Amino acid sequence: MKGDNLGEFEELVMLTCVLLKNEAYGIRIVEEIFNKMDRRVNLSAVHVTLYRLEDKGLVNSTMMGATSQRGGRRKRVFEVTSLGIRILRETKAKRENLWSLIPELNPQS
Amino acid sequence: MKDQSEPRPPKWAFRFLEWFCPRHLQEGILGDLLEQYELNRAAKNRLVSNWLFVYNSLRFFRYGILKRKTIGYRSNFLAMFKNYFLTSLRTLLKNKFYFFLNVLGLSIGIAACLLCYLHISYELSYDQYNTNADNTYRLITGDLKSGNGWVRVSAPMPPALKRNIPEIERFARFTNITRDPQVTVEYNRTIFSESKFFLTDPDFLEIYDVPLLRGQKSQVLADQNSVILSASAVKKYFGDEDPIGKTVRVDDQFNFQVSGVFEDIPFNAHFDFDFLISFENLERVLPGTSLTGNWGQFNYFAYLQLAAGSDLAVVQTKIQSTEINLGDNRNFDLSRIGIQPLSEIHFIDNRGNLKQAYNFKYIYIYGAIAVAILFISFINFVNLSIAGSTKRIKEVGVRKVVGAGRGQLILQFIAEAFLIAFFAVVVSLILSNYLLIPAVNELMNSRIVMDFSDPLMLAVLAAMLLLISLSSGSYIAYFIISSKPISALKGTHTAGGKGTIFKNILLGLQFCISTVLILSSLFIYQQLQFLGDKDLGMSKDQIVNVALSNNTAQESGEVLASRFGQISGVRDVAGSNFIPGGANWNQTVWWEGQEEPISMFLIGVDENFVKTVDMELLEGDMNQIISGQGTQYILNEAAVKRIGWESALGKPFSAQGQRNAKPVAGVVKDYNFRSLHHGIDPCVMVISSSRTHSQLAVKVDGQDVRQVLTQLEAAYNEVLPEMQFEYSFMDEGFAVLYEAETRTSKIVGALTGVAIVLAVLGLYALLTFAVQERTRELAIRKVLGIKLQQTLFLLSGNYVKLLIIANVVAIPVTWYMLDGWLNNFNYRVSLGAVTFIATIGLTFLLIYLIAGLKTMQSNRINPTQALRHE
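Keep in mind that what you see is a predicted model, and the values were worked out from it rather than measured.

Participant: Which parts of the structure should I look at to understand the interface of chain B and chain A?
Facilitator: A common measure of how large an interface is: the accessible area buried when the components associate. Taken together, the contact between chain B and chain A spans 23 residues of the former and 20 residues of the latter. When chain B packs against chain A, the two sides together hide about 2,000 Å² of surface, and 53% of this comes from carbon and sulfur. Considering only the side of chain B, the residues that lose the most area to chain A are E27(B), D32(B) and E35(B), jointly responsible for 30% of the buried surface there. In this structure, the connection of chain B to chain A is made through 9 residue pairs in polar contact (both at pLDDT 80 or more). Of all the elements in the fold, those that place two or more residues in the side of chain B that touches chain A are helix 2 (23-43), helix 3 (46-59) and helix 4 (63-94) of chain B. Broken down by element, the residue count for the side of chain B that touches chain A peaks at 14 residues, all from helix 2 of chain B. Along the lines of polarity and charge, the residues of the side of chain B that touches chain A split into 10 nonpolar, 6 polar and 7 charged.

What follows is the structure in structure tokens.
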């Protein structure tokens, strides 16, 4: 299935999710991507990506933490599933494998 | 009170999001958006944050979000849609007559609109195919906008203007080879008369798109003795031979060598020509003309190509302020010279145009009628659907009970209307393409082709389709749906009810439109008849014009005239250059005591002409004129008035320079040498017995014109055995002047016919439904002893009332419209009461006829049959 491979943006969003732990909801993810990666992304893009990842079973979401902010609305907090973690690792491993095969790109060797 | 700092983003964006966003996602998304908004509010001002909020929420309107909403609903929706079309098709096929009537009616309405659109876009396409269309202008003089301008100027003017005005990049003069309508062209013993033979400057090919099939643009007209021919002329003279380098002989005097071939000039150009030679030939082929002098001879078209982006007004001012010194301290007055964009030429009826200009008013007339027909067919459609809705009410009731929503029911009727409208569009396209467009082209003398890839045409069709299906569908739906399901299922509901008022309004409108159309077509016809019978100040009936199409023939003119005069039944014979509406020679005239140069129309005739066409001589003596020698001038009243003389007889006057002045020989009563749209212009008849007349006008006195014609031909063939006898009737020539009106009359008549047929069909169908619905009522009445007349009044009463109201509205409207149209003419009919009364009587008669037919039918039914079934 096509969904076995992660897209670049998907990978980015998932990693940010893992990083943010309990704070991984839409607007925080956008902020974090801006802080860590210096990249502006649109909120709707993040949402749509997360819903797609949820369809694939790579993330889970729960509604939680109503505060007086946000008009009293709860946040949809996302959590990467164990399947998600595995796919992330595999992606990284495959990529590193590819890198190691190209000595020219590796300045230390 | 709310805290001032509490953020409040625009409500509508909020609502919009709530509308399209799937419910289970809303909370998370809205929360995030609001949090972002709060952050923004802290850092930025309110307007910016609001905008950002709107922008961010709109970004959620995307497939990834939307698709999460409709999945469950959509499949059902599609299935239902299919079902609507299927049931619609079934009901339509069940009532074939009604279906047929609707499709036919609508398709005629749509076709009328479609043709109107095609016609307008065809007329607007005139000259527009030119690459330089936007920068090409024509010099004209006189009243520039109103259609009273004269579109020709003198030969030295364009080059002088080009020298003085930098905006003028190129100029090209353009004119007929002779003052006569025709010349003869000969190649290898093939002789034809040609009317489309022109002189022009070589730059003409640069200004106007004339694609050359043979030869180079820059060279073909460089030589004075070169001629270029249209492809069809080449075919006519040379067949399959190679024409290049061959010599053609013109008027038995001049030889030209073929140097190029151009594609036939398209029909939507404001001129048409088959032969072109260089303008350098002017002095040679037209004696008495000059390329550099004769500033007052306004006889040549002149086209200018201005630099891209030039301003018309600026150039016009520059032209008018250009100083032209004619020597001996006289300046030529350019203050009445103007320029006219190429795109306007076809639409302003200036004098001297080569083709009849198109009057924009007709576009409004045709457009209005086309829309009226569409409207009538639309009304038929809606009324029939409502009348036929009794049968559908049960179906709708069942659907409602099962749980159909309001929107779904409306959709179903729209689908049904769409289906009918779609069939109608298809039928109208077929009708137009194979039947109507050829007919219209024949009638309007145009070359319309339907181009299925024209995006605008498709858009017009799609718009009509949507408009018809949406409006009629939702209206019908409104009616049927508003019935209560219970009464519908019980069968107690009858169509009508509150619909009656609206139905009546529509029907009344239909009657109103029909009446307006009938009256209009009758009055247009009357006006045309009137123009045909109008006293022109000269007689045009029983005058045969025999053409003298080349030099040889013209030299034999006098012999021929005397031969013709001997034939019994011929009253008078005169040589003339007069063609109805076509006084093409316009020149500055001179008279004693003249202060400003004035140009007048000149008509070359011989001394017998005044008598031949029965003009009334106000001053002067007929016998003296007939026996007079040399050139004589006869003015019309308008010319005398223009000059300002009390009496003209004997005063020195000249149309050929002061040196040739002669005492005025006579004054005739004003006669209409042009169409009756115009008043009468100053005009001078130049009488000369020289052999330069292009035709002989023969006044036939006897009853048997055919007999005389045979004898004329015999005499002609005796004198000129090698020539072809060509003749025309003068009254036919005048009829051509009213071609546009004749066409309009025909088209309005045809469209009126269509409208009436549609209205009658609609009324018939409505009555059919009414009778069906009231079968039992009528049967009971019959049992109780109703008379036939009473049934008739019962059935027609409502329609007669409507017709009366419709007439009250229609008559003033028609009066107003027709009065405006008739004021275009200098001579017009009055709007007679008889026609109005006759028309109204006719419409009443029609209604009673239809109602009578239905009455007879319903009366024939045996009451027991109608009452038995339950």
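Participant: I'm lost on the domain arrangement of chain B in this one. Help?
Facilitator: Here chain B is partitioned into domain 1 (11-61), domain 2 (75-126 + 358-495), domain 3 (133-345), domain 4 (498-535 + 734-870) and domain 5 (550-725). For domain 1 of chain B and domain 3 of chain B, the distance between their C-alpha centres works out to 69 Å.

Participant: Please clarify how the packing of aromatic side chains should be interpreted in this entry.
Facilitator: Describing an aromatic ring pair means giving the distance of the ring centres and the angle of the ring planes. This model, assessed by the stated rule, comprises 40 aromatic pairs over all chains. A centroid spacing of 4.9 Å and a plane angle of 85 degrees characterise the contact between F20(B) and F61(B), whose relative ring orientation is edge-to-face. Here F20(B) is found in helix 1 (residues 11-20), whereas its partner F61(B) is found in the loop between helix 3 and helix 4, with 41 residues between them in sequence. F61(B) sits in the partly exposed class, given a relative accessible area of 40%. When the centroid spacing of 6.5 Å and the interplanar angle of 25 degrees are considered together, the rings of F375(B) and F378(B) count as stacked. Taken as a pair, F375(B) and F378(B) lie in helix 12 (residues 360-387) at a separation of 3 residues, close to a single helical turn. Judged by relative accessible area, F375(B) falls into the partly exposed class, the value being 30%. Sitting over the ring of F34(A), R40(A) keeps its end group 4.5 Å from the ring centre. When the ring centre of F192(B) is taken as origin, the NZ or CZ atom of K236(B), which lies over that ring, is 4.8 Å away.

Participant: Would you take a moment to explain a nonpolar patch on the surface for this structure?
Facilitator: Taken together, the side chains of I804(B), I805(B), V808(B), V809(B), V813(B), Y816(B) and M817(B) make up a nonpolar region of the molecular surface, amounting to roughly 710 Å² of accessible area. Structurally, I804(B) is set in helix 27 (residues 788-822).

Participant: What exactly am I supposed to notice about unusual backbone geometry here?
Facilitator: Comment: phi is negative for the bulk of residues other than glycine, and the bulk of peptide bonds are trans. The backbone of K21(A) shows a phi angle near 50 degrees, a positive value even though the residue is not glycine. As for its position among the elements, K21(A) is in the loop between helix 1 (8-20) and helix 2 (26-37). K21(A) gets classed as exposed once you look at its relative accessible area, which sits at 62%. Residues other than glycine seldom take positive phi values, yet D252(B) does so here, at roughly 60 degrees. Tracing the backbone through its elements, the reader meets D252(B) in the loop between strand 8 (247-250) and strand 9 (254-262).

Participant: Honestly, the pairing of strand 8 of chain B in this entry has me stumped. Any pointers?
Facilitator: Regular strands place their side chains on alternate faces of the sheet. Residue and element names in this part refer to chain B. Residues V248 and V250 point to one face of strand 8 and are all buried, whereas T247 and R249, pointing to the other face, are not buried. Across 2 bridges, the pairing between strand 3 (residues 183-187) and strand 8 is antiparallel. When the bridges of strand 8 are listed, E186 appears paired with R249. With 4 bridges connecting them, strand 8 and strand 9 associate as antiparallel partners. Opposite V248, over in strand 9, you have F256 as the bridge partner. Taking the residues that link successive antiparallel strands as the turn, the strand 8-strand 9 hairpin has 3 residues, and the phi of D251 there is positive, at about 50 degrees.

What counts, and where the lines are drawn
- In this convention, every chain numbers its residues from 1, walking through the sequence in written order.
- For naming, the first written chain is A and the first written ligand is 1, with later ones following in the order written.
- The predicted nature of this model means local features are confined to residues of pLDDT at least 70 and side-chain atom pairs, given and counted, to a pLDDT of 80 or more, with totals for whole chains, interfaces and linings taken over all residues.
- By convention in this description, side-chain values take in all heavy atoms of the structure and omit both hydrogens and water.
- Contact between two residues is taken to exist if any of their heavy atoms lie within 4.5 Å; hydrogens are not considered.
- Accessible-area loss on putting two parts together, using a 1.4 Å probe and summing over both, is the definition of buried area adopted here.
- A 3.5 Å cut-off defines polar contacts: any pair of N or O atoms within that distance qualifies, except that in protein one atom must be a possible hydrogen donor and the other a possible acceptor, and neighbouring residues in sequence count only when both atoms are side-chain atoms.
- Note on conventions: DSSP H or I runs of at least 4 residues are helices, E runs of at least 2 residues are strands, and numbering of each starts at the N terminus.
- When residue character is reported, Ala, Val, Leu, Ile, Met, Phe, Trp, Tyr, Cys and Pro are called nonpolar, Asp, Glu, Lys and Arg charged, and the others, Gly included, polar.
- Domain extents, as shown, originate in an automatic or database domain assignment.
- In this scheme Phe, Tyr and Trp rings, the latter by its six-membered ring, pair at centre separations within 6.5 Å, and the angle between planes marks the pair as stacked below 30 degrees, edge-to-face above 60, and tilted otherwise.
- Three exposure classes are used, based on accessible area relative to the maximum for each residue type with a 1.4 Å probe and protein chains only: buried under 20%, partly exposed in between, and exposed over 50%.
- Any Lys NZ or Arg CZ found within 6 Å of a ring centre and within 35 degrees of that ring's normal is scored as a charge over the ring.
- A patch is a set of surface residues, each over 30% in relative accessible area and not in a salt bridge, joined within 9 Å for like charges and within 5 Å for the nonpolar side chains Val, Leu, Ile, Met, Phe, Trp and Tyr.
- What sets the accessible areas is the Shrake-Rupley method with a 1.4 Å probe; for residues, cover comes only from the shown protein chains.
- Note on definitions: salt bridges are taken to be side-chain nitrogens of Lys or Arg within 4 Å of carboxyl oxygens of Asp or Glu.
- The criterion for strand pairing is that DSSP finds at least two bridges linking the strands in question.

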